[in-house]
Amino acid sequence: MRIVSEDYIARRLQVKGIVQGVGFRPFVYQLAHKYGLKGEVANTSSGVTIHIEGSREQIECFEADLATRCPPLAQITAVNGCPESVRNYLDFTIASSRGEEAVSTLIAPDVSICGDCLRELFDPEDRRYHYPFINCTNCGPRYTIIDDIPYDRPQTSMKHFKMCAQCQAEYDDPADRRFHAQPNACALCGPRVSLYDKDRKKVAAHDPLAHAAALLKQGFILAIKGLGGFHLAADAGNSDAVSRLRSRKQREEKPLAMMSVDPARIRQYARVGPEEEKLLTSLQRPIVLLEKKKTNTIAAEVAPRNRYFGVMLPYTPLHYLLLECGFTALVMTSGNRSEEPIAIDNDDAFERLADIADYFLIHNRDIYLRSDDSIVRRTAGATRFIRRSRGYVPRPVFLRNPVPPILACGAELKNTVCLTQEDRAFLSQHIGDLENLATYEFFRLTIAHMERILAIAPEIVAYDWHPDYLSTKYAEEQDALEKIPVQHHHAHIVSCMAEHQIEGPVIGLALDGTGYGADGTVWGGEVLAVWPDRFERLAHFAHVPMPGSAAAIKEPWRMAVSYLNDAFGDQVWNLDLPLLEKIGERKLRIILEMIAKELNSPLTSSLGRLFDGVAAIVGIRQRVSFEGQAAMELEMLADEAGVAVYDYEWVADPAYQILTAPIVAGVVRDIQKGIPTSTISCKFHTTLVRLFAELCELLRRKHRLNRVVLSGGVFQNSLLLSGLIQALKAKNFEVFAHQQVPCNDGGIALGQALVAAARVRT
Ligand code: ZN
Ligand code: ZN
Ligand code: FE
């Protein structure tokens, strides 16, 4: 039968984006059937190609649905359609894969269990009832189980499991929701969980999951293998268990993340607004920072001295089965000893977590690449990443212009790396603080893994100016690559420009703890004019010494002495201040001498250090157990509605130097007057907002720049971020803050890559 009709046409559609391994072809297949269209769909090296024929009207409907109804994991970046000649297909089919396909394809991130699978999980009639590895084309592991491309079962850690006849039939049927779901499995043929004690003896249990839940209820600590690595779990309502977990993990103060089964349960202890609920229930299932409720049954040890809890919903069937056993919340913190990468391998976990966990709930589906939980928070009307990892990686940031293949190595703390390909930048999952060999190994492994699965062979390597960072050393060893070092704060600002697809010049406020400066000092309170390929330092905080260098970061009281010395000179000895009494004459003399003789006291313009110093002066803490802790606690204390400010001042030299002395002197006066710390903190924040807004106005007049870009770890402070956005907008500035990558050093690799791209272009 040959159809000849004016109205019978054919079109060829090329679809680009994340369209492979996400159920896209079955979706197209079902859509074609819905509209009675003929033709075929195939994966190609650049995405998916569809040949479609039928009536003009039906094809139009098909194309409209294609863009708006695509599967949840798919992300279409472009659909190019063109007329084709009618070939008179008899049916619509999914063409079999060709060898060269999927070369520059985009791999989907790992995603949480979908609604359909969740229903099956708790349906006693379903053959996968209570099966902890249930998944389908729309959900389940991806990035963490893939070893090479194309994304097919033999290239994943599911290769060890041969599908049973029933699973295979689902996998082969284009009309089934498990068509080509690579991790498809059932209790007969798939991975299993088992429970062990810490001596590696198997615990005989008919239902290991129920047994594990019972142990948690008794107050034991469990290591639980999840999607991107192990968690350490404890009952969040049990103070005793949480304290034990803290001391065994040597994580003295950092807040611990929790998991609850649904938003209603979370509302028992934290505030969940509509936007927060959207984030909690999103496919990515990040940890969301939520304001604590005053009265709650969560152990105080979960997040001491913090206004927020970090909470996530379950994202694997295994988590659901555990939490269904009736916990308000479980602490689910990453399964590592302090500062090491999380364990992903069973043997490794038994070895490294034996001193922490009482029991191990493990399974036999390997994790090839670890991926920590992501952390987000709503601030100033947008979602802000604190850590971008599981659920989001390896989804690319789409760039304004194509760039050459570049590897950017990131900084030292909260390291991530970035690989670019055409108009896409792939930021890696959270790697960690590059301060030990284990993390460095993970860094190298991640680079190799990403190069392989994204098929990117970098020609250029970008890295931080700091000569001692392990990431810098790695970059310098890459003999075959062109090397482009990038200044830390330049990279911060360009990273934010890249995600908003803007080019310079802009005013960049780069506010953070530490970055290697152009003059060899430690920068961190920088106002820059920024272009993608260069920057100019327009203003910065006046330099003060960091007595003891790295020790001054761990012990903010040293910074306090330095700022007091800067503000009061010899009068420091006569100051009536509780902090100075606590420090004592002997230690004070040593520090002042170090400063006077310039002994191991590098200069810094860091705003992070000023936060630390002020926190110590007002008596919040003299030592920190993690970077930014003092600053965070200062923020948490602030009462919110204040308008009073401290005096502030800058001098031109030739860049403006913002003096810290008047601010510090104001803080000291308030302490002596007995003003509450919460008021002082609020006043300090308000001062910074006012100061930077005013400075930006001055620079706008001088340099004719109206766009302000905010980046650097200090912007994790939501009072400062929202205050500054508001103040700058009130002055009619165009303001840009991070929304796709973290403002801290976890986002810096993106900026490094874009600076390098701009340098090779010019
Ligand atoms: Zn599913
Ligand atoms: Zn099966
Ligand atoms: Fe930084």
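Bear in mind that the values here come from a model prediction, so they are computed numbers and not experimental data. (Residues numbered from 1 in each chain as written. Chains lettered and ligands numbered in written order. Predicted model: local features only at pLDDT ≥ 70, side-chain atom pairs only at ≥ 80, totals over all residues. Heavy atoms only, no water.)

**Quick notes on the domain arrangement of the protein**
Here is step 1 of the chain: Domain parsing of the protein yields domain 1 (8–94), domain 2 (193–363) and domain 3 (543–687).
Here is step 2 of the chain: The straight-line distance from the C-alpha centre of domain 1 to that of domain 3 is 62 Å. (Domains from an automatic or database assignment.)

**Here we look at unusual backbone geometry**
Here is step 1 of the chain: Residue Pro 394 is bonded to the preceding Val 393 through a cis peptide linkage, with omega at 5 degrees.
Here is step 2 of the chain: One non-glycine residue, Arg 305, adopts positive backbone phi at about 55 degrees.
Here is step 3 of the chain: Checked against the element boundaries, Arg 305 lands in the loop between β10 (287–291) and β11 (308–312).
Here is step 4 of the chain: Taking relative accessible area as the criterion, Arg 305 reaches 49% and is therefore assigned partly exposed. (Helix = DSSP H or I, 4+ residues; strand = E, 2+ residues; numbered from the N terminus. Buried < 20%, exposed > 50% of the residue type's maximum accessible area, 1.4 Å probe, protein only.)

**Concerning empty space enclosed by the protein**
Here is step 1 of the chain: A full pass over the atoms with the stated rule returns 4 cavities of 30 Å³ or more.
Here is step 2 of the chain: Roughly 170 Å³ of internal volume is contained in the largest cavity.
Here is step 3 of the chain: Contributing to the lining of the largest cavity are 15 residues, with Arg 400, Ile 502, Glu 503, Leu 754 and Arg 761 lying nearest its centre.
Here is step 4 of the chain: Mapped onto the lining of the largest cavity, the elements with two or more residues apiece are β16 (397–403), α13 (488–499) and α23 (748–761). (1 Å grid on protein atoms, 1.4 Å probe; cavity = no way out; pocket = protein on both sides within 12 Å on 5 of 7 lines; lining within 4 Å. Points joined across faces, edges and corners; volume = space filled by probe spheres on them.)

**Section: the layout of surface pockets**
Here is step 1 of the chain: Taken as a whole, the second largest pocket holds about 430 Å³ of empty space.
Here is step 2 of the chain: What lines the second largest pocket is a set of 16 residues, and nearest its centre among them are His 130, Pro 132, Asp 207, Pro 208 and Leu 209.
Here is step 3 of the chain: Per-element accounting of the lining of the second largest pocket gives the leading share, 3 residues, to helix α5 (residues 208–217).
Here is step 4 of the chain: Per-class residue counts for the lining of the second largest pocket are 11 nonpolar, 2 polar and 3 charged. (Nonpolar A, V, L, I, M, F, W, Y, C, P; charged D, E, K, R; others polar.)

**Considerations on the coordination of the zinc ion (ligand 1)**
Here is step 1 of the chain: Taken together, the protein ligands of the zinc ion (ligand 1) are Cys 114 (SG), Cys 117 (SG), Cys 136 (SG) and Cys 139 (SG), with distances of 2.2 to 2.4 Å.
Here is step 2 of the chain: Geometry at the zinc ion (ligand 1) is tetrahedral, judged from the 4 donor atoms that bind it and their angles of 102 to 117 degrees at the metal.
Here is step 3 of the chain: Between consecutive donors of the zinc ion (ligand 1), the numbers of intervening residues give the motif C-x2-C-x18-C-x2-C. Here Cys 117 is found in helix α3 (residues 115–121), whereas its partner Cys 136 is found in the loop between α3 and α4 (165–172), with 19 residues between them in sequence. Each member of the pair, Cys 117 together with Cys 136, is buried. (Donors = N, O, S within 2.8 Å, 3.2 Å for Na, K, Ca; no water. Tetrahedral: all angles 85-135°; square planar, octahedral: opposite > 155°, others 65-115°.)

**Remarks on the coordination of the zinc ion (ligand 2)**
Octahedral six-donor coordination of a metal ideally yields angles of 90 or 180 degrees, compared with 109.5 degrees for tetrahedral four-donor coordination.
Here is step 1 of the chain: Those donors, Cys 164 (SG), Cys 167 (SG), Cys 186 (SG) and Cys 189 (SG), are the protein atoms that reach the zinc ion (ligand 2), and they lie 2.2 to 2.4 Å from it.
Here is step 2 of the chain: Summarised as a motif, the one-chain spacing of the donors to the zinc ion (ligand 2) is C-x2-C-x18-C-x2-C. With Cys 167 in helix α4 and Cys 186 in the loop between α4 and β6 (193–197), this pair connects stretches of sequence that are 19 residues apart. Here the two residues Cys 167 and Cys 186 agree in accessibility, since each one is buried.

**Things to note about the pattern of salt bridges**
Here is step 1 of the chain: Applying the stated criterion across every chain, the model contains 41 salt bridges.
Here is step 2 of the chain: A salt bridge links Arg 424 to Asp 423; the nearest nitrogen and oxygen atoms lie 3.6 Å apart.
Here is step 3 of the chain: Across the salt bridge formed by Glu 593 and Lys 597, the nearest N and O atoms sit 3.6 Å from each other.
Here is step 4 of the chain: Judged by relative accessible area, which is 53%, Lys 597 ranks as exposed.
Here is step 5 of the chain: Within the structure, one salt-bridge network assembled from shared partners comprises Glu 253, Arg 305, Arg 621 and Glu 633. (Salt bridge = Lys/Arg side-chain N within 4 Å of Asp/Glu carboxyl O.)

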